[in-house]
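# A closer look at the structure
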Amino acid sequence: MAGEDPLRRRLQDLPRSAWVIFSGMFLIKFGNFLNVFLVLFLVAQGFSAFQAGVALGVVGVGAFIGNAVGGTVADRFGRRTAIAVSMFGSSAATALVPLTDGLLATTALVGLVGVFAQLYRPAAGALLVDVVPEKQRVTAFAVLRLAINVGMAVGPLVGGLLSGASYTYVFLGDALFSFAFGVLALSTLPGGRPPAETPAPQAAARGKGKGGYREVLSDRPYLLFLGSMVAATFVYGQSTATLPLHVTDAGFDNKVYGLLLGLNALLCVVIELPLTKHTERRNPRRVIAAGLALLGIGMALTGAMQAVWLLALTVVVWTVAETVYTPIANAYPAEFSPAHLRGRYQGAEGIAHTLGGALGPAVGGLLYSISPPLHWTACAAVAGLGALLILGADPGNRGQASTPQPARTAPEPAPAA
C-alpha cells in the first residue's frame, strides 16, 4: 500500500477543473457513436461502401479544421467558451444526421460534426496545463487517457445495442453525451481568457512573439516534436488500418482481431497510470524516443507472426510503447507554449495527430498491398525517424514560470478531496 500512496495523493491533489475535463472526455468518448457507426448507417441507407468511406474521410477533414480553429478560439475567447461551443455545436449537428437526405447533404453535415467535435480538444489540453502544476501534468494527461480508453472500450457496446433498435438512437445518443459535456463545462469550469504575456528575451532572440499560429510555426524545436507525433500516429494507426488485414491473411477471423484490440485496451487501462509514476521523472525526450523505438519494433514484429499467441505478444510490445510515450508526449507541448498561445500549441499538436491518422491508413494500406514485409519494415523506419526527431525537440529555457496560470476572470476551484 505504501507504493500506492504517492500516486493516490497526486490524484487527490489534482484540481477540480481537471476532473471535470476527465469526466467530459469519458462522456464524449463513450458516446462517440457517429465515427463508429457512420459507415454502417450510410450503407444501410443504400450508399456504397466507397461513398460511406468518403463521408468518413470528410469527418477527418473536419477534425483537422476543428483542431486549428479550436486553438484560436481557446486563446481568444477562453477555454470554457471553446469547449461549450464545441459540444453544443457537435450535439446539434449530430442530432440532424438521421434527418438529412442525400449523400452530399449528409457528407457536408458530418464534416461539420467533425469540425465541432474537435474544436474542444486544444481548449481541454490548454486548460489542463493552465490549472495543473507542472510536476503533476504528466499524471493528469495519463488520467485523461485512462478516461478516454475506458469510454472508448465500453461505449461502442452500448452503441451496438442502440443500432439494433434504430440508427436514430445512435446519433441522438451521441448528441446527448456531447450536450452533457457542454452543460458540465459551462457550470463548473473557470471562465475568462488566459493572460497575455510579454515575449521572453529568449523568445525574442529566436524571432518569436509574432502571435497566433505564425509563432507556433516558427518554433523549430516544436516543429520537430510535431513531426515525431505525425510519425507516431502514422505507425500506431496501423493497429486499425493494416493489422486486421494481417490477421485475416494469417487465416484468422475478426474475433481474433477484436481480442487483440481488447488486449490493447485492457493493458492501457491497467498499466499506464502506474507506469507514468516512473516515466515522468525522466528526460521527456528520451522517454518519448524510447517509446517510439519500441513502437516500431512491436509493429515490425507483427508482420513476422502467424500464431495468435505471438500476435498477442506483439500487441503487448506496442501497447507498452504506447503507455510509455503517450502521457509524456501529451504533456510536452506545455514546455514550449506561453500561456496566451497554449490553445494554438495544443491545436498544432492535434493537427499533427490528425495528419498522421490520415496518412497512416492511406499510405499503410498502399504499402501493404504492394508488399506486407515492406510495409512492416517501413513502420519501423517511420517510428525510428520519429524517435530521432523528438531527440532534437529541445524547448530550452523559455523563460516561463512553471506554475499554472488560470483564467483571469474566475479563480480555479479548490482541489478535489
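Going by the structure above, here's the rest.
Residues numbered from 1 in each chain as written. Predicted model: local features only at pLDDT ≥ 70, side-chain atom pairs only at ≥ 80, totals over all residues. Heavy atoms only, no water.

### Considering the pattern of salt bridges
Going through the model one piece at a time under the given rule, you end up with seven salt bridges. With a closest N to O distance of 2.6 Å, Arg-145 and Glu-272 form a salt bridge. Linking Arg-145 in helix α8 (residues 137–165) with Glu-272 in helix α15 (residues 254–279), this pair joins segments that are 127 residues apart in sequence. Glu-272 shares its class with Arg-145; the two are buried. Between Arg-285 and Asp-394 there is a salt bridge whose closest N-O contact spans 3.9 Å. Residue Arg-285 is located in helix α16 (residues 284–302), and its partner Asp-394 is located in the segment after α19 (372–391); the two are separated by 109 residues in the primary sequence. When its relative accessible area of 18% is taken as the criterion, Arg-285 is described as buried. Through salt bridges with shared partners, a single ionic network connects Asp-75, Arg-79, Asp-130, Arg-342 and Arg-344. (Salt bridge = Lys/Arg side-chain N within 4 Å of Asp/Glu carboxyl O. Helix = DSSP H or I, 4+ residues; strand = E, 2+ residues; numbered from the N terminus. Buried < 20%, exposed > 50% of the residue type's maximum accessible area, 1.4 Å probe, protein only.)

### Details of the environment of Pro-244
Within the element layout of this structure, Pro-244 appears in helix α14 (residues 243–249). Considered as a pair, Pro-244 and Leu-261 are 17 residues apart in the sequence and their alpha carbons are 9.9 Å apart.

### Details of the packing of aromatic side chains
Inspection of the entire model under this criterion finds 16 aromatic pairs. Ring centres of Phe-88 and Phe-179 lie 5.3 Å apart, and the angle between their planes is 50°; on these two criteria the pair is classed as tilted. With Phe-88 in helix α5 (residues 79–96) and Phe-179 in helix α9 (residues 167–188), this residue pair connects regions lying 91 residues apart in the sequence. We classify Phe-88 as partly exposed; its relative accessible area is 28%. (Phe/Tyr/Trp six-rings, centres within 6.5 Å; stacked < 30°, edge-to-face > 60°.)

### Section: a nonpolar patch on the surface
Together, Val-61, Phe-64, Ile-65, Val-69, Leu-355, Leu-359 and Val-363 make up an exposed nonpolar region whose accessible area comes to about 520 Å². Of all the elements in the fold, those that place two or more residues in the nonpolar patch are α4 (49–77) and α18 (342–370). When residues in the nonpolar patch are grouped by element, the largest group, four residues, is from α4. With respect to the helices and strands, the residue Leu-359 is situated in helix α18. (Patch = residues over 30% accessible without salt bridge, like charges linked within 9 Å, V, L, I, M, F, W, Y side chains within 5 Å. Areas by Shrake-Rupley, 256 points an atom, 1.4 Å probe, with all protein chains shown as cover.)

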